[in-house]
Amino acid sequence: MERRRFLGALTAASLGIALDGSLTRFATARNVAPAAANSQASKTNRFPPNSTIVLVHGAWADGSCWRNVILPLEQRGLHVICAPLPLTSLTNDTAALSQVLERTSGPVVLVGHAYSGAVIAAVRENRVKSLVYIAALAPDEGETVAKVFYRDPKPPESPKLAPDSHGFIWIPDGGFQRAVAHKASAEQTSIATAVQRPIAVQCIQEAAPLPAWKTKPSWFLIAEEDRMINPKTQHFMADRMRAKVHSYPVDHSPMYTEPKLVTNIILEAAHETLAQ
């Protein structure tokens, strides 16, 4: 009887020690995990307060074209705004972007796709630290968007563009699938076609002002399989800008088809310039 009591007490004591040790390790692990996460967050979010990425859509699009890029940027501690452009003239679009910048208070990286490359270079704001061109157009002072767009022969799959009776240009049927985003899924191109917004002829015929890329650091993602803007034209513009070039076999809309690539280039520009 005494032996059973002794063994029972010994077992209980052993279990108590084992449980106490497990609980201690468990509590320690719970405390270490948040610390590790916070340490990792501090390493990835080394940006000045109110650092903002402003994403600017091109022709035939709206801010939703950046949907696959927004959250990854925000998860790195950046504030993100998609600037809506009226697409009625280069002057009007520049004014619209300037109004968006008034909503920000910290350093900014401007990101433009296609036509909006001309827009991001036309604003005057000292808090803009760098420009990122995603298969974008970069006219020099006095040039028009049309001049650089048609500088080199158009790819054979490029749709024929012509204004309607109101002076607006639409992408014809099948244009998104064959050229604007030919590597995107059928669902993506169907939605892009349905929500497209036309661009006024005046946008591409207005002479550009002195571009900001002459004085601000710039990045350029050259889309080597672009069927809208000849890759040769993109190389010409990027070289003229002295931009930091990333060249990949992507289509005209890599924010749809290669959002991680686009995100990484934006983050590179942010890390190198926002603290300046």
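Please refer to the structure placed before this passage.
Since the model is a prediction, treat every value here as computed from it, not as a measurement.

J.: Help me understand the pattern of salt bridges, please; the structure alone is not making it clear to me.
T.: For side chains of opposite charge, pairing can occur when their charged atoms come near one another. Applying the stated criterion across every chain yields a total of eight salt bridges. Between Arg-127 and Glu-125 there is a salt bridge, with its nearest N and O atoms 3.6 Å apart. Looking at Arg-127, the relative accessible area reads 22%, which means it is partly exposed. On the accessibility criterion, Glu-125 (24% relative accessible area) is partly exposed.

J.: What am I meant to see in the sheet that holds strand 3 (residues 108-113) here?
T.: Across the sheet, six strands lie side by side as 2-1-3-4-7-8; this open sheet has parallel pairing. Each edge of the open sheet carries a strand with a single partner, namely strand 2 (79-83) and strand 8 (244-248). Within this sheet the neighbouring strands show an average axis-to-axis angle of 15°, counted without direction. Strand direction decides the pairing type here: strand 7 (residues 218-223) and strand 8, joined by five bridges, are parallel. When the bridges of strand 8 are listed, Ala-223 appears paired with Tyr-248. Running at roughly 165° to strand 7, helix 9 (residues 231-241) makes contact with strand 4 (128-134), strand 7 and strand 8 of the sheet. Against the sheet, helix 11 (residues 259-273) makes contact with strand 1 (52-56), strand 3, strand 4, strand 7 and strand 8, and its axis sits at roughly 165° relative to strand 7, the strand it touches most.

J.: Can you walk me through empty space enclosed by the protein in this structure?
T.: Over the atoms rolls a probe the size of a water molecule, and in doing so it shows where empty space is left. Tallying each qualifying case throughout the model produces one cavity of 30 Å³ or more. Roughly 40 Å³ of internal volume is contained in the largest cavity. Every residue along the wall of the largest cavity is listed here: Gly-117, Ala-118, Ala-121, Ala-122, Ala-138, Pro-139, Ala-208, Pro-209, Pro-211 and Trp-213. When its residues are assigned to classes, the lining of the largest cavity shows nine nonpolar, one polar and no charged.

J.: Just to check I follow, could you spell out the environment of Val-128 for this structure?
T.: Looking at the element boundaries, Val-128 is found in strand 4. Residue Val-128 is classed as buried on the basis of its relative accessible area of 2%. On a C-alpha basis, the gap between Val-128 and Thr-273 in space is 9.4 Å, while along the polypeptide they are 145 residues apart. Excluding anything up to four places from it in sequence, Val-128 contacts Leu-101, Val-108, Leu-110 and Lys-216.

J.: Would you mind showing me how to read the layout of surface pockets here?
T.: In this model, the largest pocket occupies a volume close to 360 Å³. Forming the walls of the largest pocket are 32 residues, and the residues nearest its centre are Ala-59, Trp-60, Ala-114, Met-228 and His-252. The set of elements that each furnish at least two residues to the lining of the largest pocket consists of helix 5 (145-149), helix 6 (175-180) and helix 7 (186-195). Of the residues forming the lining of the largest pocket, the biggest block, four residues, is contributed by helix 7. Tallied by class, residues from the lining of the largest pocket come to 25 nonpolar, five polar and two charged.

What counts and how
- Residues numbered from 1 in each chain as written.
- Predicted model: local features only at pLDDT ≥ 70, side-chain atom pairs only at ≥ 80, totals over all residues.
- Heavy atoms only, no water.
- Salt bridge = Lys/Arg side-chain N within 4 Å of Asp/Glu carboxyl O.
- Buried < 20%, exposed > 50% of the residue type's maximum accessible area, 1.4 Å probe, protein only.
- Pairing = 2+ DSSP bridges.
- Helix = DSSP H or I, 4+ residues; strand = E, 2+ residues; numbered from the N terminus.
- Axes fitted to C-alpha atoms, helices over the stretch in contact; angles between N-to-C directions.
- Contact = heavy atoms within 4.5 Å.
- 1 Å grid on protein atoms, 1.4 Å probe; cavity = no way out; pocket = protein on both sides within 12 Å on 5 of 7 lines; lining within 4 Å.
- Points joined across faces, edges and corners; volume = space filled by probe spheres on them.
- Nonpolar A, V, L, I, M, F, W, Y, C, P; charged D, E, K, R; others polar.

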